[in-house]
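Descriptive structure summary
Single-letter residue listing:
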Amino acid sequence: MAPHYQAATLIAAPCYPDAIAWSSENLVAVASGHLVTILNPDALEGPRQVIVLRRSDPFPIGVVNREGKVADISQLLFNYYKNINFGEDDVSHLTPQKSVNNDHTEVLGCTRELQEPLSRRGPGRRRIKSSRDAGYIYDDNEDDSHAVKDADFSLEPCSNKSKKRPLGKVVNHGQGRSQDTKAPLSSNEASKSLPHITAKQYAYRDALLSSLIVAWSPVLSSSDRVSYLSRDWCILAVGSKSGNVSFWKVCKPEYYTIDVGLVSREPMLIGVLQTHKSWVSAISLEVSSASSSKSSLLLATGCSDGSVKIWSGDIEGLHLFKGAGEVPFVLVAEITADVSAPVSSISLSASAQLQPEVNLAIGRVSGSLETWMWNACSNEIENTSACHAHDQVVTGLSWGLDGHCLYSCSQDNSVRCWITQGKNLEQIPMHTYFPEIKESTDLSEVSDRCFGLTLAPGQQMIAVVRSLDSNLLNPMYEARTQKAVVEFTWIGGQFLGIPIDQSIYAGSPESPILSSTNLWWGSNILWSLKKYETGERALVLWDVIAALQGLKKSAPAFLGTLMHKWVSDLFSDDSHHVSFNGPSHWRGDMMCKVSSRNLHLLNIICRKVMLKDNEQEPGAENFNATDFWNDLLASSERELRERLVSFTFGVVLKRTSCILSGTSVENSWFPVGVAQMDSWVSMNDGELHNQLSSLRCRIQDPGSRTDSVCEYSVVEACTYCSAPVPFESADVAACSGNNPAERHMMSRCKASMRLCSVLQPVWHCVCCGGMVEKLLPESFFTMPASPLDADGDDSIDMSAPAVPLCPFCGVLLQRSMPEFLLSASPV
């Protein structure tokens, strides 16, 4: 195993495969039995957050309340099946019931066996107790003894088994649990008023309600312009023992603060799909853009009988689906294995470049690993490779770099990296060496089993969760508090299948050990930055920035060459002007050709890498290019500020046009700080784009419609002393008090240039440190071109919801919180 970057111990051990996930906000979540631990990889020794999967919370600080943000879908699913009488009114549900129960019995212990190595389990350890439905009584008079054995449960009451009593319906108050068991019904009353179900019916209903595996889809977007608040949403797929998969729609929150409204969104059941005849043991969801017309949501389901199916769903159809009829998923491919080894993990990888090929990886309980390729155009699937990858259950799979490489982990405590060579999977060693890293205590010698892996958003690092062998730990100190460990390992310095760009290689004797991996670091980092340029992914660059900061310490000359190559590609039309050797005079026509997303990337790298702790390293005479990066950062932020002002002015003009034409602007973004932006344009007249000065002339006199069009207030007063505050800068302000020494300093909103409130909480950017009080609409960050180059005001989307993103860095904004609470580190 490669030396890890850092490790963090956990107080509870994982139990099931795929027990770890890395979110798009750069938080790592680990499922450990009865609780979920959330970590910040940038501060593993810092605060954590715990979601306890029970009703009683152990302590109030740092715990997510169940009533506030954790939704329980089990009761909703029960109500759905109860309304349709568990599908028993339909003959098609009752006919295959016997086969369903038989399959259920044959693979009864497949998923639960993952808790312990297969070698430790015997044939007599396959009993699983099923939970009883408190809303029904069970007919033990029916002569169906084999069904009782198949169902594997006792017909006698769970409590006080030594004393028999009549079985009756328990009063249920809508919580899916028994609330009052003090007054059981008599047998006569029960037989008259309550429905009777057989043992087979109980087993079938128990299989329907027993959830085994869950998976989230990527964030999906709808083209519906009417219901704009639900334009972004995602799908939660839940697989059960019956072979069904239920789909739950969760919409993106309308607001990101409880000051405006409720943040949590209730999940909505949109339908149930019968995918297999036995236990659904693995699920993977991915968006495919094989055709330029529309995208589809791909669903891969794995079963305990060894089969795997790929389904394709229409995204627009899922968005508009109201639960009437079948879920809009179509079976497009099916894999029936020659062996009946249950599927333990699957992973889909679809290219975002309109390519029809979709990669599918399948891991099985036997330790075998298969890769398949499905062509979305020809609808053909081909087995590309298969091998015996591990000695025990494959507990985690993840494609990296758009299917160029594949990572797998197993219950045998091994983690491996693979690349596809023809029809074979070739294992490549994970031996990344990265100096100048803060390596923590190595716990690999006492680790026991691996329960999942996940890739960082920038795909330069991997996180693996392992349980610890308590027999090898100190029973007094370690065994009580250390149940598992999460290890973070660099992967960006190894060959992962990306073609090498020879132009970024800089042979330097400053770091002989690192020089052999310079090619891989450079190629992989440039690939990652290229993926962020499209604007489809959130700007979470923590692992990429951490790698660049390490290169700055160990190989500054190589970093300078690498970043010069990247900047030159950004200004490809004017690459001869990008030079470290002399002062750069950035022209406005150069910056205006760069997309806003690339300018955000440029600002992040300038602040967090090139200009952070910028001290001259020994032997790095050619790297001192502080003036170059300062000039580049100033020009980039000036360009973004002009785009922000022009966007705001454009919204004012469009709202004015809508009001004059009688069009409603109720759900459109309301611009503020227009007077301050007007003052800024006036102060910098002659240095800005001509289009911006033209827009200013058109909005200088909003007239009587000011209150309905925008907020236009020239006069600002100090919050502390009520003295006037003149507009002198777009970032900071000072009141005009009588005593210059007692002038109060205040911050201005980065998005509106108004004074930030000192009484209400505001947002702040962890990259540039700017304060934001008025959030901008999402359309500002997703515009394909500068609003200065747009033809008219029709290109501006005013109905997009406001999002907490920094207008100068593009990263997720945060609220100021105490240091003992968990926060994210996007960069």
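Labelled according to an unreviewed UniProt entry, the protein appears under the name Transcription factor IIIC 90kDa subunit N-terminal domain-containing protein, originating from Eleusine coracana subsp. coracana.

Right, let's talk about the overall build of the protein for a bit. If you tally the helices and strands in the protein, you get 20 helices and 34 strands. When burial is assessed residue by residue, the protein has 53% of its 827 residues classed as buried. Of the accessible surface of the protein, which amounts to about 37,900 Å², a share of 50% is contributed by carbon and sulfur atoms.

Looking now at a nonpolar patch on the surface. A surface patch of nonpolar side chains, about 350 Å² in accessible area, is lined by Tyr720, Val758 and Leu759. Examined against the element boundaries, Tyr720 turns out to sit in the loop between α19 (706-709) and β28 (732-734). Note on Tyr720: relative accessible area 52%, which makes it exposed.

On to the nonpolar core, then. Counting residues in hydrophobic clusters, the biggest one holds 106 residues, and the most contacted among them are Leu541, Met563, Trp566 and Trp629. Broken down by element, this core gets its largest block of residues, 13 residues, from helix α16 (residues 626-661). Those residues within four positions of Met563 in sequence are excluded, and the remaining contacts are Leu529, Leu548, Ile605, Met610 and Trp629. The next biggest cluster of nonpolar side chains, apart from the first, holds 22 residues, and it includes Trp233, Ile283, Trp311 and Phe321.

Across the sheet, which stays open at both edges, the four strands sit in the order β2-β3-β4-β5 with antiparallel pairing between neighbours. Either end of the sheet is taken by a strand with one partner, and the two such strands are β2 (20-22) and β5 (49-52). With strand direction ignored, the average angle separating the axes of adjacent strands in the sheet is 15°. Sheet topology places strand β4 (residues 35-39) next to β5; four bridges connect them, and they run antiparallel. Bridge pairing in β5 links Ile38 to Gln49.

Each pair of packed helices gets described by two things: the angle between the helix axes and the distance between those axes. Look at α16 against helix α18 (residues 690-699): their axes get within 10 Å of each other, and the N-to-C directions meet at 35°. The hand of the α16/α18 crossing is left-handed. From α16, Glu642, Val645, Ser646, Phe649, Val652 and Leu653 reach across to α18, where they touch Leu692, Leu695, Arg696, Arg698 and Ile699. Of the residues that constitute the contact of α16 with α18, the class distribution is seven nonpolar, one polar and three charged.

This part takes up the packing of aromatic side chains. Counting across every chain of the model gives twelve aromatic pairs. Ring plane angle 45° and centroid distance 6.4 Å describe the contact between Trp22 and Trp542, whose orientation is recorded as tilted. With Trp22 in strand β2 and Trp542 in helix α12 (residues 542-554), this pair connects stretches of sequence that are 520 residues apart. Accessibility assignment for this pair places Trp22 and Trp542 in one class, buried. An angle of 20° between the planes, with centres 4.8 Å apart, marks the rings of Phe247 and Phe329 as stacked.

Axis separation between helix α15 (residues 596-610) and α16 bottoms out at 10 Å; the angle between their running directions is 145°. For α15 against α16, the interelement crossing comes out left-handed. Of α16, the residues touching α15 (which contributes Ser596, Leu599, His600, Leu602, Asn603, Cys606, Arg607 and Met610) are Trp629, Leu632, Leu633, Ser636, Glu637, Glu639, Leu640 and Arg643.

An order of β31-β30-β34 is seen for the three strands of this open sheet, with the pairing classed as antiparallel. If you trace the sheet from one side to the other, it starts and ends with β31 (771-772) and β34 (814-815), each paired once. Judged from the two bridges that link them, strand β30 (residues 763-764) and β34 form a sheet pairing that is antiparallel. Bridge pairing in β34 places His764 opposite Gln814.

Our focus in this paragraph is the side chain of Glu637. Within the fold, Glu637 resides in helix α16. The exposure class assigned to Glu637 is buried, which follows from its relative accessible area of 16%. With residues up to four places along the chain from it excluded, the contact list for Glu637 reads Asn603, Arg607 and Phe808.

Here we take up the environment of Phe78. Looking at the secondary structure, you find Phe78 in helix α2 (residues 74-83). In this structure, the C-alpha to C-alpha distance between Phe78 and Arg205, residues 127 residues apart in sequence, is 9.5 Å.

The next thing to look at is unusual backbone geometry. Phi is positive for Asn26, close to 70°, though the residue is something other than glycine. Although it is not a glycine, Phe86 adopts a positive phi angle of roughly 55°. Here Phe86 lies in the loop between α2 and α3 (91-94). With relative accessibility at 1%, the residue Phe86 sits in the buried group.

A few words now on helix α11 (residues 518-532). Taking 1.5 Å as the rise per residue, α11 with 15 residues should run 21 Å; its terminal C-alpha atoms sit 21 Å apart, in good agreement. Counting buried positions over the 15 residues of α11 gives 13, a clear majority of the element.

What counts and what doesn't
Residues numbered from 1 in each chain as written. Predicted model: local features only at pLDDT ≥ 70, side-chain atom pairs only at ≥ 80, totals over all residues. Heavy atoms only, no water. Helix = DSSP H or I, 4+ residues; strand = E, 2+ residues; numbered from the N terminus. Buried < 20%, exposed > 50% of the residue type's maximum accessible area, 1.4 Å probe, protein only. Areas by Shrake-Rupley, 256 points an atom, 1.4 Å probe, with all protein chains shown as cover. Patch = residues over 30% accessible without salt bridge, like charges linked within 9 Å, V, L, I, M, F, W, Y side chains within 5 Å. Salt bridge = Lys/Arg side-chain N within 4 Å of Asp/Glu carboxyl O. Core = buried A, V, L, I, M, F, W, Y, C linked by side-chain atoms within 4.5 Å. Contact = heavy atoms within 4.5 Å. Pairing = 2+ DSSP bridges. Axes fitted to C-alpha atoms, helices over the stretch in contact; angles between N-to-C directions. Left-handed = near helix turned anticlockwise from the far one by under 90°. Nonpolar A, V, L, I, M, F, W, Y, C, P; charged D, E, K, R; others polar. Phe/Tyr/Trp six-rings, centres within 6.5 Å; stacked < 30°, edge-to-face > 60°. Expected span 1.5 Å × (residues − 1).

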